[in-house]
Amino acid sequence: MVFAALVVATSCVDRAKQEREENTARVLGRAQAMELSASVPLDTIEMEKLLIDVRSREAELRRRGHGKVADVYLASFLETLDSVNPSLAAELR
């Protein structure tokens, strides 16, 4: 009985941690996409640096075994980018 309760408690803690990581990834993805808003003037090099950073973070998350968090991060980035700079979002897809 105690073991079962410990397993359930551990599962809840793991789930809460996963949700926090996904929320953080979602917020970061949105923030980075907002930097690429059509109304924010960026030169080509700045834009490329930001896009490389996005892919680098995604790859690092996947390398560390956080594939679902990487999916949330990238989806949030692309969804936000689609609303603030649709032409760039279309190019990246």
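The structure this text deals with has already been given above.
Residues numbered from 1 in each chain as written. Predicted model: local features only at pLDDT ≥ 70, side-chain atom pairs only at ≥ 80, totals over all residues. Heavy atoms only, no water.

## Some remarks on helix H2 (residues 44-63)
Part 1 of the argument: Given a rise of 1.5 Å per residue, 20 residues ought to cover 28 Å, and the 28 Å separating the end C-alpha atoms of H2 matches this to within 8%.
Part 2 of the argument: Three or more residues of H2 are buried, namely Leu50, Leu51, Val54 and Glu58. In an axial view of H2, the angular spread of the buried residues amounts to 95 degrees, which keeps them on one side of the axis. Seen from the buried face of H2, the exposed residues on the opposite side, beyond 90 degrees, are Ile45, Lys49, Ile52 and Arg63.
Part 3 of the argument: Two or three places before isoleucine 45, at the start of H2, stands the capping residue aspartate 43, its side-chain oxygen 3.2 Å from that residue's backbone nitrogen. (Helix = DSSP H or I, 4+ residues; strand = E, 2+ residues; numbered from the N terminus. Expected span 1.5 Å × (residues − 1). Buried < 20%, exposed > 50% of the residue type's maximum accessible area, 1.4 Å probe, protein only. Arc of directions from axis to C-beta. Polar contact = N/O pair within 3.5 Å; in protein donor to acceptor, adjacent residues only side chain to side chain.)

## Let's talk about the side chain of glutamine 32
Part 1 of the argument: Looking at the element boundaries, glutamine 32 is found in helix H1 (residues 2-34).
Part 2 of the argument: The residues contacting glutamine 32, other than those within four sequence positions of it, are Leu50, Asp53, Val54, Arg57, Tyr73 and Phe77. (Contact = heavy atoms within 4.5 Å.)

## Some thoughts on the nonpolar core
Part 1 of the argument: Core analysis: the largest hydrophobic core is formed by 16 residues, its most contacted members being Ala25, Leu36, Val54, Leu74, Phe77 and Leu81.
Part 2 of the argument: The element that contributes the greatest number of residues to this core is helix H3 (residues 67-84), accounting for eight residues.
Part 3 of the argument: What leucine 81 contacts, discounting residues up to four positions off in sequence, is Ala33, Leu36, Pro86, Leu88, Ala89 and Leu92. (Core = buried A, V, L, I, M, F, W, Y, C linked by side-chain atoms within 4.5 Å.)

## Quick look at the packing of H2 against H3
Part 1 of the argument: Put simply, H2 and H3 touch, their axes get as near as 7 Å, and they point 160 degrees apart. Accordingly, the angle class assigned to the pair H2 and H3 is roughly antiparallel. Between H2 and H3 lies a crossing whose hand is left-handed. Contacts between H2 and H3 involve Leu51, Asp53, Val54, Arg55, Arg57, Glu58, Leu61 and Arg62 on the former and, on the latter, Gly67, Val69, Ala70, Asp71, Tyr73, Leu74 and Phe77.
Part 2 of the argument: Residues belonging to the contact of H2 with H3 are distributed by class as follows: eight nonpolar, one polar and six charged. (Axes fitted to C-alpha atoms, helices over the stretch in contact; angles between N-to-C directions. Parallel < 35°, antiparallel > 145°, perpendicular 65-115°, else oblique. Left-handed = near helix turned anticlockwise from the far one by under 90°. Nonpolar A, V, L, I, M, F, W, Y, C, P; charged D, E, K, R; others polar.)

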